[in-house]
Amino acid sequence: MADGAALPGAELLAFERFREASAQPLVYGYGHGQRGLRELRAREFGRLAGTVYLDHAGATLFPQSQLRSFTRDLLENVYGNPHSQNISSKLTQDTVEQVRYRVLAHFHTSPEDYSVIFTAGSTAALKLVAEAFPWVSRGPQSSGSLFCYLTDSHTSVVGMRMVATARNVTSIPVRPEDMWSAAKQGASASDRDRQLPHLFCYPAQSNFSGTRYPLSWIGEVTSGRMCPVSAPAPGRWFVLLDAASYASTSPLDLSAHQADFVSLSFYKIFGFPTGLGALLVHNRVAPLLRKTYFGGGTAAAYLAGEDFYIPRPSVAERFEDGTIPFLDVIALKHGFDALERLTGGMENVQQHTFTLAQYTYTALRSLQYPNGAPVVRIYSDSAFHSSEVQGPVINFNVLDANGCIVGYSQVEKMASLFNIQVRTGCFCNTGACQRHLGISDEMVKKHLQAGHVCGDDVDLVDGQPTGSVRISFGYMSTLEDAQAFLKFIIATRLRPQSSQPVLQAAPGEAGAVPAETEAQSTVLATVPTTVPATVPTTMPTTMPTTVPATVPATVPIPGHITVSTVPTTGHRPSPSPQEDTPTASRAGNDWPPAVGAVCLHPPLEATRTLQAPPEKAAAAPGGGLGPHVITNLFLYPIKSCAAFEVTQWPVGHQGLLYDRSWMVVNHNGICLSQKQEPRLCLVQPCIDLQQRIMVIRAKGMEPIEVPLEENGEWAQICQSKVCADRVNTYDCGEKISSWLSRFLGRPCHLIKQSSDFQRNSKKSHGKGKSAGAQATLSLVNEAQYLLINRSSVLELQQQLHASDENGREELFPMRDLISRFRANIITSGASAFEEEKWEEISIGSLHFQVLGPCHRCQMICIDQQTGQRNQDVFQKLSESRERKVNFGVYLMHLSLDFSPPCFLSVGSQVLPVLKENVECHDLPASEKHQNVVS
């Protein structure tokens, strides 16, 4: 703060002091303390440099030595299909059996007690139990079996009730409070002489909150001393323990707690291989399981023409249908070896991860706003006093100073700007989510009606949270990871408004907090007031441009209207003469503009309106703003690459002609955006309509040309996805692929949407609206056009400068802010955020439906001239716009008549139509008549 005063909770307990104050010994690291753990991270997890990974409950990470050891094993041995009898097959059989022993030893049991059935993950293990359990259906002679499950269970457990229902079996959800109460009261023993089978399933550790439920429940339920239902049911209870989350960081002793069934997921323990789990079945219950299907390898004998089938004798052979993923199973051996070698065993992992969780929990709880309000709300059933009742998982929501919840998607986006990876949502555990967040069944249904589904980013509905944020630690997590997360929370929530912004470097440079000494391991809430500026304060001088007044030539464009073009002069067309016009397609480069880059000649009346008043006068809030006009036009030929600015441009069926027609994909065909590769903004495309080419430039690279249209004879058709939509594309060739790969430093390709492929918009045309034809999209995310209002940008700029105590306005000049939002149409003449009140707009003969605001992602934090990131723009919008980072509005053709030539031009007047529920007096006086007329 300016006066040097400390914020409440600004200085947190140093880690060593935290350990000394603990009532129980806390262990950090594996034998050599912080130094040894840092060496382990550098040696085994170098790929984490610059990244803070805090989603180990989702999937932990594999060490490099595990992969090297496994690869060497594969290169030195020949492993054949285990269902044969040759030498390589026998080697596979023996190795797989050895791994089964290793799995059982890891859980302190043996083949005498348990059998290992390899499955496609923990979910498949749970499904196997549901399908093979000896259910007894309800009927006249029997009340039938019961399936009871803890409400704090993964979706895969709750989904078992579908199988139970199909067998006419009653399913009963059991609240954790009821189980704890039953344990205290000591329910009467059920009748063990009756063989009616019931099943109770619960997680050893909640994947939502990290709560660890008593393993003693296993013996109490199976012995009949405790019953999951209030009225004891006659019969015999079996217990299925979901150990997927628990086993990832803790030892599980099945010799002491002999569950009938145990489901596991190995990638949560080792990180590799994925898609492999196991069901451990106690041999005493194995004969009761019923097989409803048999596949390759499970039959000792069968007849194809008669209902005759004899299963193999062992449990694993009966239930492992088909050929198991034997190479993945063999990889487990190397996972166990690496885990033991690096940590000394799961007991050490449990102590280390819990220490980090307890420290982080204690620090988070102490954070307060200046008014004393807490910064976070933690969802937990314990106070993190013991690893017996709490795993290394912290679930929370961030609050503002008024106690209102900040949506989890905003927190996740902000965290990514600090290169911190967290998990958000309900984590496939709706029961726990409802219980901790106070979400009723009716609210869940209401959220669904509002458009929220599991896994999306709809984090608030009517101000109420639909989910939360989760961080979790793994065996390779460090104190620096925990402190980087805490500093992120402090910097984004407790930073004084007048403090210096925290500048964020590109990925791999400053995401993870540098290693600290013991003396330095103190987290401070104050942000340094001297931060080196990394954002340039000046822009390269633009080249002189001219727009000839000669009669334009006619250039045919396949699939579009005939457009008129201006003969080229060797210079790039002139943008609006306003001084602060964004020049994203030129900025930061030393080369001259492309020869032959074409801009369409504007009409006479548009030319006269280009002389707009100075920005601060034209965009000042209040009345007297004058008519709405277009001040800038941008298209983005290559998705996520630099803008191409024009003064007039033809309109196509999908938006501005060639806007987002191309995109860069990685070696797997996955679209690259600036979120993964910020340097894409330095790739500058320029379209020459006369020569029918796109010229692409990047600093240090020779320009390269790409044809505007595909050559059907050689185009290689491929498929990719944009916002979950499948799109047909074609590869633009190896030459441009090599060019992009050299510049970006990774293998990639340039692909273009096929001209014969149509992708339809999912956006609604609005109440009572109907378009002549369904809107079609290029490779844009959601809509054909994006419009932003210069007054809205100006208001944001003023807010950013107001929070900069040094008053360095050059940090966020208008042209740079405008370029961050990557809009097609920039307008002036409206008050700030007035555009969100529009229902439709007309520009000449073109009519557009306003589809709603654009919900922004982290890309607005990327300086489009440098590729560097600064989180202040995103954070300021989040603060000022009620925690929803909306900026700009989407547009879609309401109708598109191609009989005359259709263009958008700088200087054209924009005529908006207000939404029905917006009063005219909400607008400046000069705008009332215009909107009534339109």
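Just above sits the structure.
These numbers were taken from a predicted model, which means no experiment stands behind them.

Scoring rules and cut-offs
Residues numbered from 1 in each chain as written. Predicted model: local features only at pLDDT ≥ 70, side-chain atom pairs only at ≥ 80, totals over all residues. Heavy atoms only, no water. Helix = DSSP H or I, 4+ residues; strand = E, 2+ residues; numbered from the N terminus. Buried < 20%, exposed > 50% of the residue type's maximum accessible area, 1.4 Å probe, protein only. Contact = heavy atoms within 4.5 Å. Areas by Shrake-Rupley, 256 points an atom, 1.4 Å probe, with all protein chains shown as cover. Phe/Tyr/Trp six-rings, centres within 6.5 Å; stacked < 30°, edge-to-face > 60°. Lys NZ or Arg CZ within 6 Å of the ring centre and 35° of its normal. Lys, Arg positive; Asp, Glu negative; His and termini not counted. Salt bridge = Lys/Arg side-chain N within 4 Å of Asp/Glu carboxyl O. Pairing = 2+ DSSP bridges. Axes fitted to C-alpha atoms, helices over the stretch in contact; angles between N-to-C directions. Disulfide = S-S within 2.5 Å.

**Points about the overall build of the chain**
And then number 1: Of the regular secondary structure elements, the chain holds 24 helices and 43 strands.
And then number 2: In the chain, which comprises 934 residues, the share counted as buried stands at 56%.
And then number 3: The long-range share in the chain, meaning contacts at least 24 apart out of those at least 6 apart in sequence, stands at 74%.
And then number 4: As presented, the chain carries roughly 37900 Å² of accessible surface, and 53% of it is formed by carbon and sulfur atoms.

**Here we look at the packing of aromatic side chains**
And then number 1: One pass over the full model with this rule turns up 32 aromatic pairs.
And then number 2: Ring geometry for F118 against F266: centres 6.5 Å apart, planes inclined by 50 degrees, an arrangement best described as tilted. Here F118, found in strand 2 (residues 114–119), pairs with F266, found in the loop between strand 7 (261–265) and helix 10 (267–270); they are 148 residues apart in sequence, far enough to count as distant. Here the two residues F118 and F266 agree in accessibility, since each one is buried.
And then number 3: Residues W135 and F147 carry aromatic rings whose centres are separated by 6.0 Å and whose planes lie at 80 degrees to one another, so their mutual orientation is edge-to-face. One end of the pair, W135, is in the loop between helix 5 (122–132) and strand 3 (146–150); the other, F147, is in strand 3, with 12 residues separating them in the sequence. Of the two residues examined, W135 and F147, each falls in the buried class.
And then number 4: A connected cluster of aromatic rings, assembled from ring pairs, spans F133, W135, F147, Y149, F238 and F261.
And then number 5: In this arrangement the basic side chain of K752 is found over the ring face of W662, its NZ or CZ atom lying 5.3 Å from the centre.

**Section: the side chain of K639**
And then number 1: Looking at the element boundaries, K639 is found in strand 23 (residues 638–639).
And then number 2: One buried charge, K639, has no salt-bridge partner; the nearest side chain with opposite charge is D659, at 9.2 Å.
And then number 3: Among residues more than four places away in sequence, those in contact with K639 are R660, W662, M663, C671, V722, L779, V780 and N781.

**Section: helix 15 (residues 430–437)**
And then number 1: What helix 15 keeps buried is the set A432, C433, Q434, H436 and L437.
And then number 2: Just past helix 15, the residue G438 takes up positive phi, approximately 70 degrees.

**A few points about the sheet that holds strand 4 (residues 170–174)**
And then number 1: Spatially, 2-8-7-6-5-3-4 is the arrangement adopted by the 7 strands of the open sheet, whose pairing is mixed. Two strands in the sheet have a free side with no partner beyond their single neighbour: strand 2 and strand 4. Along the sheet, successive strands turn relative to each other by an average axial angle of 20 degrees, direction set aside.
And then number 2: In the packing of helix 9 (residues 216–223) onto the sheet, contacts are made with strand 3, strand 5 (197–203) and strand 6 (236–242), and the angle to strand 6 comes to roughly 160 degrees.

**As for the state of the cysteines**
Cysteine pairs can be covalently joined through their sulfur atoms, and such a bond is termed a disulfide.
And then number 1: Counted under the stated rule, the structure contains 1 disulfide.
And then number 2: Each disulfide pairs two cysteine sulfurs, and for C426 the partner residue is C433, the sulfurs being separated by 2.1 Å. One quick way to see it: the torsion about the S-S bond of C426 and C433 is about -50 degrees, and its sign makes the bridge left-handed. In this structure, C426 and C433 share a single accessibility class: buried.
And then number 3: In this structure C748 is a free cysteine whose sulfur lies 9.4 Å from that of C641, the closest cysteine sulfur available.

**With respect to unusual backbone geometry**
Generally, phi is negative for residues other than glycine and the peptide bonds are trans, each holding for most cases.
And then number 1: With an omega of 0 degrees, the peptide bond running from F272 to P273 counts as cis.
And then number 2: Looking at where P273 falls in the secondary structure, it is placed in the loop between helix 10 and strand 8 (277–282).
And then number 3: The phi dihedral of R822 is positive, around 50 degrees, even though this residue is not glycine.
And then number 4: Examined against the element boundaries, R822 turns out to sit in the loop between helix 22 (814–820) and strand 37 (825–828).
And then number 5: Looking at R822, the relative accessible area reads 7%, which means it is buried.
And then number 6: The phi angle at F833 is positive, at roughly 65 degrees, despite the residue not being glycine.

Honestly, that's just the spatial picture; any functional story needs more than this.
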